[in-house]
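# Structural characterization, general
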Amino acid sequence: MQVRIATQERNWAMAAHLSALVAIAGLPFGHILGPLVVYLVKGHESEFVGEHARASLNYQITISIFYVAAFILGVAAMFAVVFPFGAAASGSQRIGASFFAFWCALVIAILLPLLISIVFIIMGTIAASEGRPYKYPFAIRFLR
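Conventions adopted
Residues numbered from 1 in each chain as written. Predicted model: local features only at pLDDT ≥ 70, side-chain atom pairs only at ≥ 80, totals over all residues. Heavy atoms only, no water. Helix = DSSP H or I, 4+ residues; strand = E, 2+ residues; numbered from the N terminus. Buried < 20%, exposed > 50% of the residue type's maximum accessible area, 1.4 Å probe, protein only. Polar contact = N/O pair within 3.5 Å; in protein donor to acceptor, adjacent residues only side chain to side chain. Contact = heavy atoms within 4.5 Å. Core = buried A, V, L, I, M, F, W, Y, C linked by side-chain atoms within 4.5 Å. Lys, Arg positive; Asp, Glu negative; His and termini not counted. Salt bridge = Lys/Arg side-chain N within 4 Å of Asp/Glu carboxyl O.

## Side note on the overall build of the chain
Secondary structure summary: the chain contains 4 helices and 0 strands in total. Walking the chain from its N terminus toward its C terminus, one meets helices and strands in the order α-α-α-α. Within the span of the chain, comprising 144 residues, buried residues form 35% of the whole.

Now the structure itself:
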């Protein structure tokens, strides 16, 4: 037996997922603030909205931790790999090639998780619009 979820609850649950896209507009930490606001405003009024807001918030915190770790590893890789090879290389072509390879890897490391994250957000939004629960893959459950 499926429980019927009110339209307003589904809309708030969809907002919990879609509000994570605010960061794309340039608001720092908007991907966390959006679901947090939905959770604080409506999460305690409806179990369905609270479940979706917690899921979205947990995923956004997890992806933020991933990006911080990737940034630290990227800086470490730059100092450990690019600079020593660039300094040992003779000629500007080798230095340019190592910087180009580093920046290509960095762009892939940033854009690929971003695109995957957008797909997960859309999947969560669709589940909320249909009145189904959604569980983000790879999300650490900080809020239960």
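## Let's talk about the side chain of Ser 56
By the element assignment, Ser 56 lies in helix α3 (residues 47–88). A distance of 3.0 Å separates the side chain of Ser 56 from the backbone oxygen of Ala 16, its partner in a polar contact. Setting aside anything within four residues of it in sequence, one finds Ser 56 in contact with Ala 16, His 17, Ala 20, Pro 35 and Tyr 136.

## Let's talk about the nonpolar core
Within the largest apolar cluster, 9 residues are counted, these being Ala 20, Ala 55, Tyr 59, Ile 63, Phe 120, Ile 121, Ala 127, Tyr 134 and Tyr 136. Secondary structure elements with two or more residues in this core: α3 and α4 (92–129). For Ile 121, the residues in contact, after removing those within four places along its chain, are His 17, Leu 18, Ala 20, Leu 21, Gln 60 and Tyr 136. Formed by 5 residues, the second largest nonpolar core is a distinct cluster that contains Val 38, Tyr 39, Val 49 and Ala 53.

## As for the environment of Leu 18
Within the secondary structure, Leu 18 is located in helix α1 (residues 7–18). For the pair Leu 18 and Pro 35, spaced 17 residues apart in sequence, the C-alpha separation works out to 8.3 Å. Apart from residues no more than four positions distant in its own chain, Leu 18 is found in contact with Ile 121 and Thr 125.

## Here we look at the side chain of Arg 10
Its location among the elements puts Arg 10 in helix α1. For the buried Arg 10, no salt bridge exists, and the shortest N-O distance to an oppositely charged side chain is 7.8 Å, to Glu 9. Those residues in contact with Arg 10 that sit more than four places away from it in its chain are Ile 5, Phe 48, Ala 128, Ser 129, Glu 130 and Gly 131.

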